[in-house]
Amino acid sequence: MSFQVRNKVVIVTGGSSGIGLALVKLFLAEGARVAWCGRDDKKLQATFDLLSKDYDSSQMFIHQCDVLKKEQVANYVALVVKKFGAIDMLVNNAGQGKVADFFATEEQDWIDELQLKVFSVVNMIHAALPYLKQSDIASITNVNSLLGLKPETHMVATSVARAGLLNLSKNLANELVKENIRVNSILIGLVESGQWRRRFEARSDKTKDWVGWTAGVANKKQIPMGRLGKPEEAAYALMFLASPLSSYTTGSVIDVSGGLSKEI
Ligand code: NDP
């Protein structure tokens, strides 16, 4: 069975690391034409060079773009269309979380978190919508977090912002269904990626290696599967929701949390 995305065009924001990079690889392996972005040009180029060894580089497009800067997003989308002539699928993945409880969260942190989780999606959708409307398989897929349903006190602003994105995703699904554009999300728990690598580098107990440290995190969080997820495991769910394999699915969420969400 194929994902039916051969030569279709997908944008993956934040494709230079972690979940985004795993998804870029999956789409390339399925023969899609893939555009990805990030803020750091060097990281982008490194992923392009690496992937060029295994995949056709004419199917690949990178350009630096901060998804919070409206002008950069508009320019980026125009460049993607210039290169590939269309946009069929948009995966809003770029971002990171803010670890801070209510008392450690400053006013600017609130503004930054809400801006990141909402405008990273709003800006991209505004720019890509005219092209998505012309696609016969159009989809928007948002990477979201279980925190949107299951808030945690040590990530208060991120939890609130994630709940907002969950609401926005449903709202957009309701609105865009008349344009034949599907909108879905994944809710992730803890996935091994750049964010966790950075926290690992900053760990207090330097005697612990990556495997021991992540097992400790999984244990502390009481993840039923006893481990963090792999970026590919989040990417598989994203691929399903973005592709025509989920053609009768909109406004839905897939939980990719290793059983962390125990509620119905
Ligand atoms: P990574 O740090 O590995 O990757 C994040 C990617 O987003 C990078 O390519 C980064 O590139 C890019 N990025 C970040 N900010 C921007 C921006 N403003 N504009 C453009 N690109 C940006 O993290 P993950 O793979 O873990 O994260 C992917 C998504 O999953 C994020 O939205 C994250 O919040 C979410 N998530 C992850 C969880 C986890 O456990 N890993 C848990 C819950 C949610 P650059 O720095 O060069 O811009």
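Right above here is the structure, for reference.
For every chain, the first residue of the written sequence is number 1, and numbering continues from 1 onward in sequence order. With pLDDT at 70 or above as the cut-off, local features in this predicted model cover only qualifying residues; side-chain atom pairs require 80 or more to be listed or tallied, and sums for whole chains, interfaces and linings still use all residues. Computation of side-chain values: all heavy atoms of the structure, hydrogens and water removed.

### A short note on the packing of aromatic side chains
Inclusion rule: Note on aromatic pairs: the rings of Phe, Tyr and Trp (six-membered ring only in Trp) are paired at centre separations within 6.5 Å, and the planes decide the class, stacked below 30 degrees, edge-to-face beyond 60, tilted for the rest. Comment: elements are numbered from the N terminus, with helices defined as DSSP H or I runs of at least four residues and strands as E runs of at least two. Throughout this description, buried means an accessible area under 20% of the type-specific maximum (1.4 Å probe, protein chains only), exposed means over 50%, and partly exposed covers the range between.
By the definition in use, this model includes eight aromatic pairs. On the basis of an interplanar angle of 40 degrees and a centroid distance of 6.3 Å, the ring pair of phenylalanine 61 and tyrosine 76 is categorised as tilted. Within this pair, whereas phenylalanine 61 is found in strand S3 (residues 60-64), its partner tyrosine 76 is found in helix H3 (residues 70-84), the two being separated by 15 residues in sequence. Taking the relative accessible area as the measure of exposure, phenylalanine 61 reaches 14% and is therefore buried.

### Looking at the site of the ligand
Note the threshold: We call a residue near a molecule or strand whenever a single non-hydrogen atom of that residue lies within 4 Å of it. For this analysis, a polar contact is any N or O atom pair within 3.5 Å, provided that within protein one partner can donate a hydrogen and the other can accept it, and provided that sequence-adjacent residues contribute only side-chain to side-chain pairs. Residue burial considers only the protein chains on display, and all accessible areas are found by Shrake-Rupley using a 1.4 Å probe. Three classes are used: nonpolar for Ala, Val, Leu, Ile, Met, Phe, Trp, Tyr, Cys and Pro, charged for Asp, Glu, Lys and Arg, and polar for all others, with Gly counted as polar. Each domain's extent is set by a domain assignment, obtained either automatically or from a database.
The local shell around the ligand holds 29 residues, among which Ser16, Ser17, Arg39, Ser193 and Trp196 are the closest. Within the side chain of serine 17, one N or O atom sits 2.5 Å away from an oxygen atom of the ligand. One of the backbone nitrogen or oxygen atoms of isoleucine 19 is found 2.9 Å away from an oxygen atom of the ligand. Within the complex, 94% of the 880 Å² of free accessible area of the ligand lies under protein. Broken down by element, the shell around the ligand gets its largest block of residues, four residues, from helix H6 (residues 194-201). Of the residues assigned to the shell around the ligand, the class counts are nine nonpolar, 14 polar and six charged. Two domains share the shell around the ligand, each providing at least three of its residues, namely domain 1 (9-191 + 230-255) and domain 2 (192-228).

### Here we look at the pairing of strand S1 (residues 9-13)
Here is the key point about a regular strand: its side chains alternate between the two faces of the sheet. Which entries qualify depends on this criterion: DSSP calls a pair of strands paired once it identifies at least 2 bridges connecting them.
Burial of S1 is extensive: five of the five residues sit out of reach of the surface. On S1, burial covers both faces: Val9, Ile11 and Thr13 on one face and Val10 and Val12 on the other are all buried. As judged from the five bridges shared by S1 and strand S2 (residues 33-38), these two strands associate in the parallel manner. The partner of valine 10 across the bridge, within S2, is valine 34. As paired strands, S1 and strand S4 (residues 89-92) are joined by three bridges and run parallel to one another. Looking at S4, one finds that valine 10 is bridged to methionine 89.

### A word on the sheet that holds S2
Inclusion rule: Fitted lines through C-alpha atoms give the axes, limited to the stretch in contact for helices. The angle between two N-to-C directions lies from 0 to 180 degrees. Contacts are assigned to residue pairs that have any heavy atoms within 4.5 Å of one another.
What the seven strands build is an open sheet, ordered S3-S2-S1-S4-S5-S6-S7; its pairing is parallel. The strands lining the two open edges of the sheet, one partner per strand, are S3 and strand S7 (253-256). This sheet shows a mean twist of 15 degrees between the axes of neighbouring strands, independent of strand direction. Contacting S1, S4 and strand S5 (139-145), helix H4 (residues 107-132) runs over the sheet at an angle of about 175 degrees to S4. Strand contacts of helix H5 (residues 156-176): S5, strand S6 (182-188) and S7, with the helix running at about 165 degrees to S5, the strand carrying the most contacts.

### Topic: the pattern of salt bridges
Test applied: The salt bridge definition used is simple: a Lys or Arg side-chain nitrogen within 4 Å of an Asp or Glu carboxyl oxygen.
A complete count under the given rule lists eight salt bridges for this structure. Aspartate 66 is the salt-bridge partner of lysine 69, the closest N and O atoms lying 3.6 Å from each other. Exposure remark for aspartate 66: the relative accessible area of 14% places this residue in the buried category. Of the charged contacts, one joins glutamate 113 and lysine 117 as a salt bridge, the two residues approaching to 2.7 Å between their closest N and O atoms. Taken together, the residues glutamate 113 and lysine 117, both in helix H4 and four residues apart, mark about one turn of the helix.

### Notes on the side chain of serine 169
For serine 169, the position within the fold is in helix H5. Here the side chain of serine 169 touches asparagine 142 through a polar contact of 3.0 Å, side chain to side chain. Among residues more than four places away in sequence, those in contact with serine 169 are Asn142, Val183 and Ser185.

### A closer look at the pairing of S3
As a reminder, the rule being used: Consider the strands pointing away from the viewer: the crossover is right-handed when the path from the first strand over the helix to the second runs clockwise.
With five bridges connecting them, S2 and S3 associate as parallel partners. Bridge assignment links tryptophan 36 to a residue of S3, and that residue is isoleucine 62. Once the chain exits S2 it traverses helix H2 (residues 41-52) before rejoining the sheet at S3, and the crossover so formed is right-handed.

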